[in-house]
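# Coordinate analysis (summary)
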Amino acid sequence: MLPSILSKSRNVPSHRRRLRRLLSSFLGRATSVPPATTITASPPPSSNSRLASSPHSYHQYASILQSCVAAGSLRTGRQLHGRLLVSGLGSDTVLATKLVDLYAARGHVEHARRLFDVMPKKNVFVWNVLIRAYAREGPQEAAVKLYCGMAEHGVEPDNFTYPLVLKACAALLDLETGREVHERVSGTRWAEDVFVCAGLVDMYAKCGCVDDARAVFDGISMRDAVVWNSMIAAYGQNGRPMEALLLCRNMGRNGVRPTIATLVSTISAAADAAALPRGRELHGFGWRRGFGQQDKLKTSLVDMYAKSGWVQVARVLFDQLTKRELVSWNAMICGYGMHGHADEALKLFNKMRVEALVTPDNITFVGVLSACNHGGMVKEAKSLFGLMVDVYSIKPTVQHFTCLVDVLGHAGRFEEAYDLIKGMSMEPDSGIWGALLNGCKIHKNVELGELALQKLIELEPEDAGNYVLLSNIYAQSGKWEKAAMVRKLMTNRGLKKIIACSWIELKGKTHGFLVGDASHPRSNEIYVELERLEGLMSDAGYVPDTMPVFHDVGDDEKRNMVRGHSERLAIAFGLISTPPGTKLLVTKNLRVCEDCHAVIKLISQIVHREIIIRDVNRYHHFANGECSCKDYW
């Protein structure tokens, strides 16, 4: 009887050994344990009821069930459940609660729910157990419905209930119910409970209401690491990485010691902000605090270094991981993809599938398809898309379609791209039409570009960038009247072109530059350095490419316009502010133009430096007169 539990005695957790001792003692006096049956109300007491009704046996049942919960022993728990049904104790509140806990913890939520429904009395603990199971396993709607049912049964939620239902609201993006929970908890003694407040912060953050999350955070008088971590993550998840970094600093100043969760969230924020110095500082802090060997920290560092241009360092950390989970593979594959290292991304993807036997998910395929896009690998992209759908049965998302449309558009295969869009199972979004419009710009396809713009205007009528892109297509084709017409349409609608801006971080301070900027304190030195470089480039045969200037003006004026582009100013400042050989990382909010791309290649060769440009689309690694994109971007 129960051989799987009683047969082994070595190298097992203490709670399992305790369970075996209890079973051995109890079963030595009891009759055989019947298998668990369908969960119903308890039948009339049998001949075993005398045994079951004794206080000693009752406490034995309770103790064994508690050990089953601790050990996760579902099989033993089901057998004991059958005995309880026969003995008339199947509806006992204490014992049934332990069984609900066991079933829910082992993922048998339906069994837990059936037993819960026949319990005559339900305490707040058993409500919480089931709400937690639904919040974690789904459907989350059931968790919210159970929470609402507590009031009908006269059960008052506690400090465990509120975080659980808030987690369900966050997963459902159910802001309305989340606000109702907030209003209700505000009138209770749990209003300043750290876990309840952390749940509120997380719920508002997941629903995109960061300011509401901050209001909750600011209203907490005693903040521990849990609350600080929730608010830092809220900023990071909602595209406000600099505020996340600032809050992390304030956390330390307030005497709250950062945890591994703090570091993971803050390093992720540093990655999104391309704040490499801050990320490296956090890396060192993690090592000093003893977190250096934890894979969670290393995985976040892989992502941070990849997004900050140090993809080789990211790979070193990836190779040091003790256990490579799917999220780790995704971070490294996506890192290669965003840098245009398509061969490395595909090699790692195949290693993940064939050698590590890790099953890719939709994020993995976004990474490899992006790599193919940046590498111009049309055939490989189409093959991977088919692999995703036919072999792994992953339903393509808009992101997957965008990658494929982009690579087809770059290659000038507009018929395929347009057919793909028309055959999509969901409505194409602005990313899809933007990818097609960008391909039209590259290949000067005016007709299809006009169609793409029309779709974009319907989706994003206030986005000036779409109008600018079509105007540039007209200008490239020499259709200056139509280009002027589009710009006039922008003016009539009150739309303004996004101002190009580049920035570089040195010694913990960020320096920003606009086109033709002369506001920097070292502006004179910057322009002197640019003139010096231009002279050396002219000696090497450089002739300015004024094609990116989409204005009907003279060549001299066009040359002056490209000369003052923001990324050149940032690079020149970096060169005069750092020792020879220092790697430079410049971030730009728009796409790098063709002339600047050629100029930066020459600069990298002249000054013998590696220069990394992170523009709105991808990373460019310039070294020895070449770029990692191989002039395909």
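Heads up: these notes are all about the structure in this document. Predicted model only: the values in this text are computed from it and were never measured.

## So, the overall build of the chain
Scanning the chain from N- to C-terminus turns up 33 helices and six strands. Looking at the 633 residues of the chain, the share that counts as buried comes to 51%. Sequence separation of 24 or more characterises 64% of the internal contacts of the chain that already satisfy a separation of 6 or more. A total accessible area of about 29,600 Å² is found for the chain, and carbon and sulfur atoms account for 53% of it.

## Looking at the side chain of His597
Tracing the sequence through the fold places His597 in helix H33 (residues 594-607). Here His597 is in contact with Val592, His620, Phe622, Cys627, Cys629, Asp631 and Trp633, once residues within four sequence places are set aside.

## Digging into the packing of aromatic side chains
By the definition in use, this model includes nine aromatic pairs. With a centroid separation of 5.9 Å and 55 degrees between ring planes, the pair formed by Phe365 and Tyr392 is classed as tilted. Of this pair, Phe365 sits in helix H22 (residues 362-375) while Tyr392 sits in the loop between helix H23 (378-390) and helix H24 (398-410), and the two are 27 residues apart along the sequence. Centroid distance Phe513 to Phe573: 5.8 Å. Interplanar angle 50 degrees. Geometry classified as tilted. You can see Phe513 sitting in strand S2 (residues 509-514) and its partner Phe573 sitting in helix H32 (residues 566-577), a full 60 residues away along the chain. Here Phe513 matches Phe573 in class, with each residue buried. Its end group placed over the ring of Phe217, Arg223 keeps NZ or CZ at 4.3 Å from the ring centre. The ring of Phe318 has Arg324 sitting right over it, with the charged end atom 5.1 Å from the ring centre.

## Some details on the nonpolar core
Core analysis: the biggest nonpolar cluster contains 156 residues, and Met231 and Leu436 have the highest contact counts within it. Not counting the four nearest positions on each side in its chain, Leu436 is found in contact with Val405, Phe414, Ala417, Ile421, Leu448 and Ala452. If you look at the next biggest cluster of nonpolar residues, it comprises 29 residues, including Ile526, Leu569, Ile611 and Phe622.

## So, the pattern of salt bridges
Counting across every chain of the model gives 26 salt bridges. For Arg568, the salt bridge goes to Asp595, with nearest N and O atoms at 2.2 Å. Of this pair, Arg568 sits in helix H32 while Asp595 sits in helix H33, and the two are 27 residues apart along the sequence. Grouping residues by exposure puts Arg568 and Asp595 together as buried.

## Some details on the side chain of Asp101
Residue position: Asp101 is located in helix H6 (residues 93-105). Among the polar contacts made by the side chain of Asp101, one reaches the side chain of Arg132 at a distance of 3.2 Å.

Criteria and thresholds
Residues numbered from 1 in each chain as written. Predicted model: local features only at pLDDT ≥ 70, side-chain atom pairs only at ≥ 80, totals over all residues. Heavy atoms only, no water. Helix = DSSP H or I, 4+ residues; strand = E, 2+ residues; numbered from the N terminus. Buried < 20%, exposed > 50% of the residue type's maximum accessible area, 1.4 Å probe, protein only. Contact = heavy atoms within 4.5 Å. Areas by Shrake-Rupley, 256 points an atom, 1.4 Å probe, with all protein chains shown as cover. Phe/Tyr/Trp six-rings, centres within 6.5 Å; stacked < 30°, edge-to-face > 60°. Lys NZ or Arg CZ within 6 Å of the ring centre and 35° of its normal. Core = buried A, V, L, I, M, F, W, Y, C linked by side-chain atoms within 4.5 Å. Salt bridge = Lys/Arg side-chain N within 4 Å of Asp/Glu carboxyl O. Polar contact = N/O pair within 3.5 Å; in protein donor to acceptor, adjacent residues only side chain to side chain.

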